[in-house]
Amino acid sequence: MASIAGSSALSFARPVKAINTNSVAFSPVRKGNTFLRLQPVPMRSVSCAAKKDTVDKVCEIVKKQLALPDHTEVCGESKFSELGADSLDTVEIVMGLEEHFDISVEESSAQTIATVEDAADLIDKLVAGKA
């Protein structure tokens, strides 16, 4: 038992065994004790809406812009930051994508791009909007 502010005490009534750690919720404090309750959360699946050709081309452009070695794997889930890109690299990637796909990406949209999938989804949306 740990003493807090001299007279108050924090204790756990019984040990808590974590079975499913998808979500943690804290119950209101009752009589000086803190309770921890674990609740299951439905798993969300992430899928890329972009065409495979678009994703492949974005991967190619990213590898070229960042001068990545041939053995470096770049896929839809690849984050630019994890590939070593800083903010200037990201701007250059977006400019390369604009040039290749003949599109114009607004600054607000460009700031939301963090992964290859993000870029490919935005490209497909902008190309479809042009048609």
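Conventions and cut-offs
- Residues numbered from 1 in each chain as written.
- Predicted model: local features only at pLDDT ≥ 70, side-chain atom pairs only at ≥ 80, totals over all residues.
- Heavy atoms only, no water.
- UniProt positions renumbered as here; feature names shortened; annotations may be inferred.
- Helix = DSSP H or I, 4+ residues; strand = E, 2+ residues; numbered from the N terminus.
- Buried < 20%, exposed > 50% of the residue type's maximum accessible area, 1.4 Å probe, protein only.
- Contact = heavy atoms within 4.5 Å.
- Areas by Shrake-Rupley, 256 points an atom, 1.4 Å probe, with all protein chains shown as cover.
- Salt bridge = Lys/Arg side-chain N within 4 Å of Asp/Glu carboxyl O.
- 1 Å grid on protein atoms, 1.4 Å probe; cavity = no way out; pocket = protein on both sides within 12 Å on 5 of 7 lines; lining within 4 Å.
- Points joined across faces, edges and corners; volume = space filled by probe spheres on them.
- Nonpolar A, V, L, I, M, F, W, Y, C, P; charged D, E, K, R; others polar.

- Labelled according to an unreviewed UniProt entry, the protein appears under the name Acyl carrier protein, originating from Miscanthus lutarioriparius.
- Quoted verbatim from the Function (unreviewed entry) field of the UniProt record, the comment on the protein reads "Carrier of the growing fatty acid chain in fatty acid biosynthesis."

## Points about the overall build of the protein
Inference 1: Counting secondary structure elements, the protein contains four helices and four strands.
Inference 2: Buried residues in the protein amount to 30% of all 131 residues.
Inference 3: Long-range contacts, defined here as pairs at least 24 residues apart, represent 45% of the contacts in the protein between residues at least 6 apart.
Inference 4: Total accessible area on the protein stands at roughly 9700 Å², and carbon and sulfur atoms take up 54% of it.

## Describing the pattern of salt bridges
Inference 1: What the rule picks out here adds up to three salt bridges.
Inference 2: The salt bridge involving Asp56 is made with Lys52; its shortest N-O contact spans 2.8 Å. Of this pair, Asp56 and Lys52 both sit in helix α1 (residues 52–65), four residues apart, which is roughly one turn of that helix.
Inference 3: Note that Lys57 is salt-bridged to Glu60, the shortest N-O span being 2.8 Å.

## Description of unusual backbone geometry
Inference 1: Despite not being glycine, Ala67 has its phi angle at roughly 50 degrees, a positive value.
Inference 2: Within the fold, Ala67 resides in the loop between α1 and α2 (87–101).
Inference 3: Taking relative accessible area as the criterion, Ala67 reaches 65% and is therefore assigned exposed.
Inference 4: Located in the positive-phi region is Asp102, a residue other than glycine, with phi close to 55 degrees.
Inference 5: Checked against the element boundaries, Asp102 lands in the loop between α2 and α3 (107–110).
Inference 6: Using a relative accessible area of 56% as the deciding quantity, one classes Asp102 as exposed.

## As for empty space enclosed by the protein
Inference 1: With the rule as written, the count across this model stands at one cavity of 30 Å³ or more.
Inference 2: Considered as a void within the structure, the largest cavity measures approximately 40 Å³ in volume.
Inference 3: Considering the residues around the largest cavity, the lining is formed by Val94, Leu97, Ile103, Val105, Ile113, Ala119, Leu122, Ile123 and Leu126.
Inference 4: Listing elements by their share of the lining of the largest cavity, those giving two or more residues are α2 and α4 (116–130).
Inference 5: Broken down by element, the residue count for the lining of the largest cavity peaks at four residues, all from α4.
Inference 6: Within the lining of the largest cavity, the residues separate by chemical class into nine nonpolar, no polar and no charged.

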